[in-house]
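Single-letter residue listing:
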Amino acid sequence: MVLILGCTCLCACGGNKPKQTLVLPYFDEAFAELFPDYCRAITEEYSVVGKNEKLEGAPISTARAGLGKKLAALSAEGKYPKVIVTSPLLALAYSSGQDWAETAGTGQAFLVMPFCHPLTNGSLQTAQKARICSIGYDYETAYGAMGKKAGQIVKKAVHEGVPEANCTIVFQENFMRPEVALSAFREAYESVVGARRLNTQDFNADYSTVDIVGSLQSSLSQVDTKTTKVLVCAIDSPSAAVEAAQRKTAGLVVMADMSSWDVEKIDRDMFGFAVRGDATAMKRTTVMLVNSIIAGKQPASHTLVPLRY
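Attention now goes to the pattern of salt bridges. Applying the stated criterion across every chain yields a total of five salt bridges. Notably, a salt bridge pairs R177 with D257, separated by 2.9 Å at the nearest N-O pair. Of this pair, R177 sits in the loop between β8 (166-172) and α8 (179-193) while D257 is found in strand β11 (residues 253-257), placing the two residues 80 residues apart along the sequence. With relative accessibility at 0%, the residue D257 sits in the buried group. Each of the salt bridges in this network shares a partner with another, and the network as a whole consists of R177, D236 and D257.

Spelled out as structure tokens, the structure:
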């Protein structure tokens, strides 16, 4: 996988005004692997034909250094990006050591981060001159719908003679999926079936301390299949969720959040409810946001894109 970058002139100048308004897409390798279609589409959208560049990239530190060099090279040519579209983790890594606005020129650069929730955005507000906006999925609405569906299944089981029927949700927060999604699920679920029927396993997103696959497998081995009627896998491990769906016992419905998975390799029909990302809608929203910035409009600090379910 390569680290993708490109820049384009959205407003070509004429006469005696040699200024260019540039948009610079720049993504680290891990992000490009997660969202290949989106990164390819955005790079093509904002790349001059014949001048598209591709750099070998692996760790965030390499991408951070490469972005700094690219901005410095543009600055030497008198070109200052109006908008930088980049991954949340690269934005965090880069801004921790340098100021976006200073590097990009005259303090007029906007930083646009797709696929992230507002907390990531807020953590970057310490960059005093940088103007930051993010685009994220509407997890609250999708998880509310999933919670209601889970509540209906459990409520039906109670009425059919399983008084202890319940639901278990294994939830892992990440840079896309905020903790508020879990709250939305719980609220919707309990509005249907009442309180004290939800078992929650809320995992930290720190992969160095949490073996999410092993933890989920351990959770599955402890599930009481006589009373647990819904298992929700809101995690970043598709293999663990698929295994849960394939090994489920009769009467157990497995639901999943597939928004951070390579869904082309997963049969969503194995899940009773599946939340899925929409890279096309994310790309469309990104382009609309970038174009509004170029047109001189003040963008919202955070824009929501609907999830599919």
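Moving on: the pairing of β11. Note on strand geometry: in a regular strand, side chains alternate between the two faces of the sheet. In terms of burial, β11 is largely enclosed, as four of its five residues are buried. In the sheet, strand β10 (residues 228-234) pairs with β11 via four bridges, with the strands oriented parallel. Along β11, the bridge assignment pairs C233 with A256. The handedness of the β10 to β11 crossover, carried by helix α10 (residues 238-246), is right-handed. Here three bridges tie β11 to strand β12 (residues 273-275), and the two strands are oriented parallel to one another. Of the residues in β12, the one forming a bridge with M255 is F273.

With phi around 60°, F115 is a residue other than glycine that occupies positive phi space. With respect to the element layout, F115 can be found in the loop between β6 (110-114) and α6 (118-123). A relative accessible area of 1% means that F115 is categorised as buried. For R196, which is not a glycine, the phi torsion comes out positive at approximately 65°. The exposure class assigned to R196 is exposed, which follows from its relative accessible area of 79%.

What follows deals with the side chain of S259. Along the chain, the position of S259 falls in the loop between β11 and β12. Side chain to side chain, S259 and Y139 meet in a polar contact 2.7 Å long. For S259, the contacting residues outside a window of four places in its chain are F35, Y139, M176, R177, V275, R276, G277 and L307.

On average, residues of the protein score 80 in pLDDT, and 75% of them are at 70 or above. Low pLDDT, under 50, characterises residues 7-19; the stretch is placed with 30 contacts to residues that sit more than four places away or in other chains.

Read across the open sheet, the five strands follow the order β9-β8-β10-β11-β12; overall the sheet is parallel. Each edge of the sheet is formed by a strand with only one pairing partner; in this case those strands are β9 (198-203) and β12. The average undirected angle you get between the axes of adjacent strands in this sheet is 10°. With six bridges connecting them, β8 and β9 associate as parallel partners. Residue T168 lies in a different strand from β9, and its bridge partner there is N199. Lying on the sheet, helix α7 (residues 139-159) is in contact with β8, β10, β11 and β12; it crosses β10 at an angle near 165°. Along the sheet face, α8 touches β8, β9 and β10 and points at about 170° away from the line of β8.

Conventions and cut-offs
Residues numbered from 1 in each chain as written. Predicted model: local features only at pLDDT ≥ 70, side-chain atom pairs only at ≥ 80, totals over all residues. Heavy atoms only, no water. Salt bridge = Lys/Arg side-chain N within 4 Å of Asp/Glu carboxyl O. Helix = DSSP H or I, 4+ residues; strand = E, 2+ residues; numbered from the N terminus. Buried < 20%, exposed > 50% of the residue type's maximum accessible area, 1.4 Å probe, protein only. Pairing = 2+ DSSP bridges. Right-handed = clockwise from strand over helix to strand, strands pointing away. Polar contact = N/O pair within 3.5 Å; in protein donor to acceptor, adjacent residues only side chain to side chain. Contact = heavy atoms within 4.5 Å. pLDDT = per-residue confidence, 0-100. Axes fitted to C-alpha atoms, helices over the stretch in contact; angles between N-to-C directions.

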